[in-house]
Amino acid sequence: MKKLFYSALFLCLSAGAGLANPPKFADIFNSGMVLQREAPIRVWGSADPGTRVEVSILRTRVSATADEKGAWTTELPAMKAGGPFTLSVSAGDEKTTLEDILVGEVWFAGGQSNMEFSLRSSKDGDKAVAEAQNPYIRVAYVPAIPYEGAQPCKPVPWRHATTDYVRSMSAVGYYFAKELQETLNVPVGIICLYKGNTTASVWMSREKLLSDPLFVPIAENYDRYMAAMAPGEYERQLADYKEWNTYYQSHGRQGKRLQEPMGPKNFRRPSGLFANVLRVAPMTIRGVIFYQGEANTTRAAQYQKLFPALIEEWREIFRQPDMPFYFVQVPELQDRSTFPELRWAQLQSWLHTPNTGMAMAMGYGEPDQIHPIQKQPVGHRLALIALAKNYGYDLTYSGPIYKGVSFEDGKAVLTFDFVCGGLASADGKPLRSFTICGEDQQFVPAEARIEGDKVVVWSDRVTAPVAVRYSWSVVPDGNLINTDSLPASPFRTDDFRLKTEGKLHDTYRYVYANGQKIIR
């Protein structure tokens, strides 16, 4: 891990590592940025090997010496929220200075396309963009570079989250930051690094994937795929893909779009974007908000361990063992038959991984659209978790969460956490979306009613029930909430075998079919 960390870290620093004119900060440090308040602030960069550098902000000065590779790192003492300040690094007469530095709350926004989904494309997005006039919200866009040399490495710009810059910002990230800033009244910085159509393993190191027998097939499947290619085959596939993609774009996106061939330049390969995270780590941040999972739907059972492993690794590289990690449970979607299993995996990740939180997007999805446009409620629910767990606000941040079940007189009696002021029906109608089964494991629709802080479930078709499920469908319509109007998460009381158990890696498809180019 340590060797990988340093090799990725110098992916973008190495070009200047031998130059002392002037010493440099790492890419993530730039004018206009936000530093994390009330915690030691990690700062790093490059200079001539052996050069002693001095970092200063206000009246505080700390020093460090660049190692044999030209890397230096140090820590500034914790600071209270405020600014703007000037941050500088100097060596002898050479100096690099960053202006307009704020100190406040810093969060990392990551994941796939629903985190990438822009503010301007979201519901009421044009209005939100026009009204974005808060210079105390800052955003850094980290490009998801798919492979070394794909594009020049440049410092990561920080922008004011105002009308000129927020159009393409993550809508979920913007609404999360906006609520935090307005509630806490301190600067808030959001570091944006996301990429559509990415599995969890794209954001993890190869070493991590090889550390658990359940994940090893992900890396080994890729290795076998590449080893089976004839010399030059990948390059031929990639050239054909690029040629066809140019034709596809120039002809109004007509015809069948080809999938980019899997290989060393495809960002979807295992660990394909992990080095990008290392452009940010080990920056001192408050925590992570994450919206990902759709790409792991076919391997949902594996995700129960894979996603917590991702969280564990990110905490390692950010050097924050208890770093808050809050994520979004996927909402309704018609064409994902194993979404119930993925939601269950996400729920288990929350319940069994310390200092995490799960915001339910249920009710704001669109059955026929993988990118629902209602992002403000999702950002709000993530903000509720952060405000309650990190900033001491007395807020309810989750709907009812299944706790336990007992079976009495042919009925199931369910108990819940996060009952808060009580259980209720969202629309005032009888509870729905409950199913029940006996020893035959054949679930049938069930009736359900609230009794105090419990839910009683039964069916005349099942005289001796053994299990209950709630909203266990692709597009659930459950209406169980608590009195704070937050929905119950889908759940199951059983441990029956899941459809996705035993599915441990993706299947890669060639651009060529039977040795022949696909006919256009």
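Not measured: the values here are computed from a predicted model. (Residues numbered from 1 in each chain as written. Predicted model: local features only at pLDDT ≥ 70, side-chain atom pairs only at ≥ 80, totals over all residues. Heavy atoms only, no water.)

## What about the side chain of D506?
Here is step 1: Residue position: D506 is located in the segment after β24 (491-492).
Here is step 2: If near-sequence neighbours (up to four positions away) are discounted, D506 is found in contact with T199, N221 and R299. (Helix = DSSP H or I, 4+ residues; strand = E, 2+ residues; numbered from the N terminus. Contact = heavy atoms within 4.5 Å.)

## With respect to the pairing of strand β13 (residues 325-329)
Here is step 1: Counting buried residues along β13, 5 of its 5 residues qualify, which places the element largely inside the surrounding structure.
Here is step 2: Looking at chain direction, strand β12 (residues 287-291) and β13 are connected through 3 bridges and run parallel. Residue I289 lies in a different strand from β13, and its bridge partner there is Y326.
Here is step 3: In this fold, the crossover linking β12 to β13 by way of helix α9 (residues 300-317) has right-handed handedness.
Here is step 4: Note: β13 against strand β14 (residues 356-360), 5 bridges, orientation parallel. Within the sheet, the bridge partner assigned to Y326 lies in β14 and is G357. (Buried < 20%, exposed > 50% of the residue type's maximum accessible area, 1.4 Å probe, protein only. Pairing = 2+ DSSP bridges. Right-handed = clockwise from strand over helix to strand, strands pointing away.)

## So, the packing of helix α4 (residues 171-184) against helix α11 (residues 376-389)
Here is step 1: Orientation of α4 relative to α11, taken along the N-to-C sense of each, is 45°, at an axis distance of 8 Å. Judged on the interaxial angle alone, α11 and α4 are oblique. Along this stretch, α4 crosses α11, giving a crossing that reads as right-handed. Here V172, Y175, F176, E179, L180, T183 and L184 of α4 come into contact with α11, specifically with Q376, V378, G379, H380, L382, A383, A386 and L387.
Here is step 2: Taken together, the residues of the contact of α4 with α11 break down into 10 nonpolar, 4 polar and 1 charged. (Axes fitted to C-alpha atoms, helices over the stretch in contact; angles between N-to-C directions. Parallel < 35°, antiparallel > 145°, perpendicular 65-115°, else oblique. Left-handed = near helix turned anticlockwise from the far one by under 90°. Nonpolar A, V, L, I, M, F, W, Y, C, P; charged D, E, K, R; others polar.)

## Points about the packing of aromatic side chains
Here is step 1: This model, assessed by the stated rule, comprises 23 aromatic pairs.
Here is step 2: Aromatic side chains Y174 and Y175 sit 5.6 Å apart centroid to centroid with 65° between the ring planes, which places their arrangement in the edge-to-face category.
Here is step 3: Taking the relative accessible area as the measure of exposure, Y175 reaches 12% and is therefore buried.
Here is step 4: With 5.2 Å between their ring centres and 5° between their planes, Y303 and F307 make a pair best called stacked. Of the two residues, Y303 and F307 both sit in helix α9, 4 residues apart, roughly one turn of that helix. The burial state of Y303 is the same as that of F307; both residues are buried.
Here is step 5: Following the ring pairs from residue to residue traces out a cluster consisting of F108, F290, Y303, F307, W314, F318, F325 and F327. (Phe/Tyr/Trp six-rings, centres within 6.5 Å; stacked < 30°, edge-to-face > 60°.)

## Brief notes about the sheet that holds strand β15 (residues 401-408)
Here is step 1: Taken together, 4 strands build an open sheet; the order of strands is β15-β16-β21-β20 and the sheet is antiparallel. Only two strands of the sheet have a single neighbouring strand rather than two, namely β15 and β20 (447-451). Sheet twist, expressed as the mean angle between neighbouring strand axes with direction ignored, is 25°.
Here is step 2: Bridge count between β15 and strand β16 (residues 411-417): 7 bridges; the pairing is antiparallel. Bridge pairing in β16 places G404 opposite T415.

## What to know about the nonpolar core
Here is step 1: In this structure, I28, F29, I191 and F434 are the most contacted members of the largest nonpolar core, which totals 140 residues.
Here is step 2: When sequence neighbours within four positions are dropped, the list of residues in contact with F434 reads L414, V444, P445, A446, A448, V455, V457, V468, R469, Y470, L480 and F491.
Here is step 3: Counting residues in hydrophobic clusters, the runner-up holds 11 residues, among them Y225, M229, Y248 and L258. (Core = buried A, V, L, I, M, F, W, Y, C linked by side-chain atoms within 4.5 Å.)

## Notes on the confidence of the model for the chain
Here is step 1: Here the chain averages 91 in pLDDT, while 92% of its residues score no lower than 70.
Here is step 2: A low-confidence stretch, residues 2-11 stays under pLDDT 50, and its non-local contacts, those more than four residues away or across chains, total 18 contacts. (pLDDT = per-residue confidence, 0-100.)

## Details of the sheet that holds strand β18 (residues 434-437)
Here is step 1: Strands sit in the order β19-β18-β22-β24 across an open sheet of 4 strands; the sheet is antiparallel. A single partner strand is all that each edge strand has here, and the edge strands are β19 (444-445) and β24.
Here is step 2: Pairing of β18 with β19 involves 2 bridges; the strand directions are antiparallel. In the sheet register, I436 faces β19, and the bridge partner there is V444.

## Here's the deal with the packing of α9 against helix α10 (residues 339-352)
Geometrically, a packed helix pair is captured by the angle between its two axes and the distance between the axes.
Here is step 1: Two numbers describe how α9 lies on α10: the axes approach to 8 Å, and their chain directions differ by 25°. In terms of orientation, α9 lies roughly parallel with respect to α10. In this structure, the crossing between α9 and α10 has a hand that is right-handed. Along the contact surface, α9 presents A300, Y303, Q304, F307 and P308, while α10 presents E341, L342, W344, A345, Q346, Q348 and S349.

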